[in-house]
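Structure at a glance
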Amino acid sequence: MMIDWNRVAELREEVGPEDFEEVVELFLQEVDEEIGKLAQATASGGLSEKLHFLKGSALSFGFTDFSDLCQSGEASLTADPLAQLDLEGLQSSYQTARRKFLDDLPQRFAS
């Protein structure tokens, strides 16, 4: 499942429908920024921490597949700090989930 819409609905209830759009905007800005920095990060230069942040953010917004990839990458780096990760695949997963999220969001919460 690419997007856990039940989680998105829970989050919308937690923050309130009136603030949800702003929270989504902040989430996308932060994750877009961190995704852009992945290529420059290294195992010793915070890559694991970036993956941890992205995993948590993705879970909050129901981006399950992307979160799973972040978790897998984080675990790989924990087991082997020199592990080679598919950062392009990770970025592609996020972009796909982002598009799906933004395309489907209006109909999911139409009044």
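Residues numbered from 1 in each chain as written. Predicted model: local features only at pLDDT ≥ 70, side-chain atom pairs only at ≥ 80, totals over all residues. Heavy atoms only, no water.

A separate point is helix H3 (residues 47-60). The end-to-end C-alpha distance of H3, which contains 14 residues, comes to 20 Å, matching closely the 20 Å that a straight helix rising 1.5 Å per residue would cover. The complete set of buried residues in H3 reads Leu47, Ser48, Lys50, Leu51, Leu54, Lys55, Ser57 and Ala58. Against helix H2 (17-37), helix H4 (64-79) and helix H5 (87-108) lie the buried residues of H3. (Helix = DSSP H or I, 4+ residues; strand = E, 2+ residues; numbered from the N terminus. Expected span 1.5 Å × (residues − 1). Buried < 20%, exposed > 50% of the residue type's maximum accessible area, 1.4 Å probe, protein only. Contact = heavy atoms within 4.5 Å.)

The nonpolar side chains of soluble globular proteins are, as a tendency, buried together. Of all hydrophobic cores here, the largest spans 27 residues; its most connected members are Phe63, Phe66 and Phe101. At the level of secondary structure, the elements contributing two or more residues to this core comprise helix H1 (5-15), H2, H3, H4 and H5. In contact with Phe63, not counting residues within four places along its chain, are Met2, Ile3, Phe27, Ala58, Tyr94, Ala97, Arg98 and Phe101. (Core = buried A, V, L, I, M, F, W, Y, C linked by side-chain atoms within 4.5 Å.)

Next up on the list: the packing of H2 against H5. Angle between the axes and distance between the axes: these two values describe a pair of packed helices. Where H2 meets H5, the closest approach of the two axes is 11 Å, and the angle between their N-to-C directions is 165°. On the basis of the axis angle, H2 is roughly antiparallel to H5. For the pair H2 and H5, the crossing hand works out as left-handed. Of the residues in H5, those in contact with Phe20, Val24, Leu28, Val31, Asp32 and Ile35 of H2 are Gln91, Tyr94, Arg98, Phe101, Leu102 and Leu105. Broken down by class, the residue content of the contact of H2 with H5 amounts to nine nonpolar, one polar and two charged. (Axes fitted to C-alpha atoms, helices over the stretch in contact; angles between N-to-C directions. Parallel < 35°, antiparallel > 145°, perpendicular 65-115°, else oblique. Left-handed = near helix turned anticlockwise from the far one by under 90°. Nonpolar A, V, L, I, M, F, W, Y, C, P; charged D, E, K, R; others polar.)

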